[in-house]
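Listed below are the residues making up each chain.
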Amino acid sequence: MFGENFVYFFTVQGFFVGIIFGLLKSFDAEGLLLYTFFITIFFYLFSHVIVALYYKTITVKAYNFPKETHETELDIFVKEINKREKLIDSACKITDIAIKMNSEDVAGQKL
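Per an unreviewed UniProt entry, the chain carries the name Motility integral membrane protein and comes from Sulfurimonas sediminis.

Written out as structure tokens, the structure reads:
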């Protein structure tokens with residue numbers, strides 16, 4: 001059954017349930033119309049929620065996760081991160097050596 005047909009069917013059911021409930025609970029035309037209207041609207045909105053959840057579960061089940069592609073991309077990212085860490089470590093070593101040489105030069109000039 002198509003989702004659209006389910007909404008129509010459920011809305012018509014709500015209409016008839018609203019009429020029956022309105023006849024049982026209300027003794028005037030205004031109450032009958034109000035009960036019928038609100039119960040029909042409730043059934044209409046509820047049917048949309050049901051159809052939306054149904055389609056959401058169908059599409060989730062049909063989705064295949066590309067595991068191999070994901071793993072290869074992650075491996076590439078790990079290699080890039082390792083390269084950048086080595087570059088940063090070498091830059092830190094060079095900076096430490098430069099600071100040490102600068103402090104030795106300053107200490108040598110004070111003597």
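In terms of regular secondary structure, the chain is built from three helices and zero strands. Traced from its N-terminal end to its C-terminal end, the chain shows the element sequence α-α-α. Taken over the C-alpha trace, the chain has a radius of gyration of 36 Å; the compact-globule value for 111 residues is 13 Å, which it surpasses by more than 25%. Here the C-alpha coordinates of the chain stretch approximately 110 × 40 × 15 Å along the principal axes. By residue count, 14% of the 111 residues in the chain fall in the buried class. When contacts within the chain are restricted to residue pairs at least 6 apart in sequence, long-range pairs at least 24 apart make up 59% of them. Entry remark: accessible area of the chain is about 9,800 Å², with carbon and sulfur atoms responsible for 70%.

Under the counting rule described, the total for this entry stands at nine aromatic pairs. Ring centres 5.2 Å apart and planes at 35° place the aromatic pair phenylalanine 10 and phenylalanine 43 in the tilted group. Placement of phenylalanine 10 in helix α1 (residues 3–25) and of phenylalanine 43 in helix α2 (residues 29–62) is noted, with a sequence separation of 33 residues between them. For the pair phenylalanine 10 and phenylalanine 43, one class covers both residues: buried. Geometrically, the ring pair formed by phenylalanine 21 and tyrosine 35 is edge-to-face, given 5.2 Å between the ring centres and 80° between the ring planes. With phenylalanine 21 in helix α1 and tyrosine 35 in helix α2, this residue pair connects regions lying 14 residues apart in the sequence. What makes phenylalanine 21 partly exposed here is its relative accessible area of 35%. Counting every residue linked through ring pairs, the aromatic cluster contains Phe6, Phe10, Phe42, Phe43 and Phe46.

The full count for this structure, using the stated rule, is one salt bridge. We note a salt bridge from glutamate 80 to arginine 84, for which the minimum N-O separation is 3.6 Å. Of this pair, glutamate 80 and arginine 84 both sit in helix α3 (residues 67–110), four residues apart, roughly one helical turn. On the basis of relative accessible area, glutamate 80 is assigned to the partly exposed category, the value being 33%.

What follows concerns a nonpolar patch on the surface. On the surface, a cluster of nonpolar side chains totalling about 590 Å² of accessible area is made up of Leu34, Phe37, Phe38, Ile41, Tyr44 and Leu45. Along the chain, isoleucine 41 falls in helix α2.

Take the UniProt feature "transmembrane region" (unreviewed entry) in the chain next. Mapped onto this structure's residue numbering, the UniProt feature "transmembrane region" (unreviewed entry) falls at residues 6–24 and 31–55. In residues 6–24, helix accounts for 100% and strand for 0%; the two terminal C-alpha atoms are 27 Å from one another. End-to-end, the C-alpha atoms of residues 31–55 are 36 Å apart, and along that stretch the chain is 100% helix and 0% strand.

Calculation notes
Residues numbered from 1 in each chain as written. Predicted model: local features only at pLDDT ≥ 70, side-chain atom pairs only at ≥ 80, totals over all residues. Heavy atoms only, no water. Helix = DSSP H or I, 4+ residues; strand = E, 2+ residues; numbered from the N terminus. Rg over C-alpha atoms; globule rule 2.2 N^0.38 Å. Buried < 20%, exposed > 50% of the residue type's maximum accessible area, 1.4 Å probe, protein only. Contact = heavy atoms within 4.5 Å. Areas by Shrake-Rupley, 256 points an atom, 1.4 Å probe, with all protein chains shown as cover. Phe/Tyr/Trp six-rings, centres within 6.5 Å; stacked < 30°, edge-to-face > 60°. Salt bridge = Lys/Arg side-chain N within 4 Å of Asp/Glu carboxyl O. Patch = residues over 30% accessible without salt bridge, like charges linked within 9 Å, V, L, I, M, F, W, Y side chains within 5 Å. UniProt positions renumbered as here; feature names shortened; annotations may be inferred.

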